Amino acid sequence: PKGKGKGKGKGKDTKGKGKGKGGGQSWDGGKGGGKSSAPASFQILMSAVKKQGLLGGGHIPIECQVYVKNLPSDTTDADLYKLFAPFGAIAPTGAKAMQNPDGTCKGIGFIDYADQLCADAAITALNNFTLPDGSSIQVSTKANKADGKGGGKGGK
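Residues numbered from 1 in each chain as written. Predicted model: local features only at pLDDT ≥ 70, side-chain atom pairs only at ≥ 80, totals over all residues. Heavy atoms only, no water.

**Structural notes on the overall build of the chain**
Line of reasoning, step 1. Counting its secondary structure elements, the chain contains three helices and five strands.
Line of reasoning, step 2. When its helices and strands are written in sequence order, the chain yields α-β-α-β-β-α-β-β.
Line of reasoning, step 3. Looking at the chain residue by residue over its 156 residues, the buried ones come to 23%.
Line of reasoning, step 4. Surface exposure of the chain reaches about 11300 Å², of which carbon and sulfur atoms provide 55%. (Helix = DSSP H or I, 4+ residues; strand = E, 2+ residues; numbered from the N terminus. Buried < 20%, exposed > 50% of the residue type's maximum accessible area, 1.4 Å probe, protein only. Areas by Shrake-Rupley, 256 points an atom, 1.4 Å probe, with all protein chains shown as cover.)

**Quick notes on the pairing of strand S5 (residues 136-141)**
Line of reasoning, step 1. Among the six residues that make up S5, five are buried, leaving the element largely enclosed by the rest of the structure.
Line of reasoning, step 2. Summarising the sheet, strand S1 (residues 65-69) and S5 pair through four bridges and their orientation is antiparallel. What sits directly across from tyrosine 67, in S5, is serine 140.
Line of reasoning, step 3. With two bridges connecting them, strand S4 (residues 129-130) and S5 associate as antiparallel partners. Following the sheet pairing, threonine 130 is matched in S5 by serine 136. (Pairing = 2+ DSSP bridges.)

**Some details on the nonpolar core**
Line of reasoning, step 1. Grouped together as the largest cluster of nonpolar side chains are 18 residues, with contacts concentrated most on Val66, Val68, Leu80, Phe84, Ile111, Tyr113 and Val139.
Line of reasoning, step 2. Of all elements in the fold, only S1, helix H2 (77-84), strand S2 (90-99), strand S3 (105-113), helix H3 (116-126) and S5 reach the threshold of two or more residues within this core.
Line of reasoning, step 3. Here this core gets five residues from one element, more than from any other, and that element is H3.
Line of reasoning, step 4. Excluding anything up to four places from it in sequence, valine 68 contacts Phe84, Gly107, Ile108, Gly109, Ile111, Ile137, Gln138 and Val139. (Core = buried A, V, L, I, M, F, W, Y, C linked by side-chain atoms within 4.5 Å. Contact = heavy atoms within 4.5 Å.)

**Re H3**
Line of reasoning, step 1. Regarding H3, the residues found buried are Cys118, Ala119, Ala122, Ile123 and Leu126. Down the axis, H3 shows its buried residues gathered within 135° of arc, on one side only. The outward face of H3, more than 90 degrees from its buried face, is lined by the exposed residues Leu117 and Thr124.
Line of reasoning, step 2. The inward-facing, buried residues of H3 contact S1, H2, S3, S4 and S5. (Arc of directions from axis to C-beta.)

**Description of the side chain of aspartate 112**
Line of reasoning, step 1. With respect to the helices and strands, aspartate 112 occurs in strand S3.
Line of reasoning, step 2. No salt bridge is formed by the buried aspartate 112, whose closest oppositely charged neighbour, lysine 142, lies at an N-O distance of 6.4 Å. (Lys, Arg positive; Asp, Glu negative; His and termini not counted. Salt bridge = Lys/Arg side-chain N within 4 Å of Asp/Glu carboxyl O.)

**Quick word on the pairing of S3**
For a regular strand, side chains alternate in direction, first toward one face of the sheet and then toward the other.
Line of reasoning, step 1. In terms of burial, S3 is a largely internal element, seven of the nine residues being buried.
Line of reasoning, step 2. Summarising the sheet, S1 and S3 pair through five bridges and their orientation is antiparallel. Residue valine 66 lies in a different strand from S3, and its bridge partner there is isoleucine 111.
Line of reasoning, step 3. Direction of pairing for S2 relative to S3: antiparallel, over a ladder of five bridges. Paired with alanine 97 across the bridge in S3 is glycine 109.

**Here's the deal with the confidence of the model for the chain**
Line of reasoning, step 1. When the pLDDT values of the chain are averaged, the result is 78; 67% of them are 70 or greater.
Line of reasoning, step 2. Low pLDDT (under 50) marks residues 16-22, which in the prediction has nine contacts with non-local residues, meaning those over four places away or in another chain.
Line of reasoning, step 3. For the stretch residues 147-156, pLDDT sits under 50, and the model shows one contact to residues farther than four places along the chain or on other chains. (pLDDT = per-residue confidence, 0-100.)

What follows is the structure, given as structure tokens:
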């Protein structure tokens, strides 16, 4: 009868005996076939995905790197992600709020975007954003930091 049957799935039922998609990965101990177990930790999973080159080349162009200052002391990496993600795809290197040893934010952070247009949109929208109490944040590309510090490895 119509409407009561099971839908057609992709692939065939191997009843756990065939080789499934989870077989033979370095992070799962090389176990193959059937249902695979979950990786032991997220760090192991992320490391294996990075090693396979699935997250891109790892180099973020400087124009895609956003610098933020005057952040509140309770800012976390997750907070930066929530604030900046609506402007576009954030690279796997993500968002980082720099922390003091006691866990409070130093007031600065970095966001790596996958595309320069996304970084530009975030900078345009949030640079000099002022709250009702008069406090504000400054947002720029990492290369245009106003305090002149830095230069990184192999500086100019």
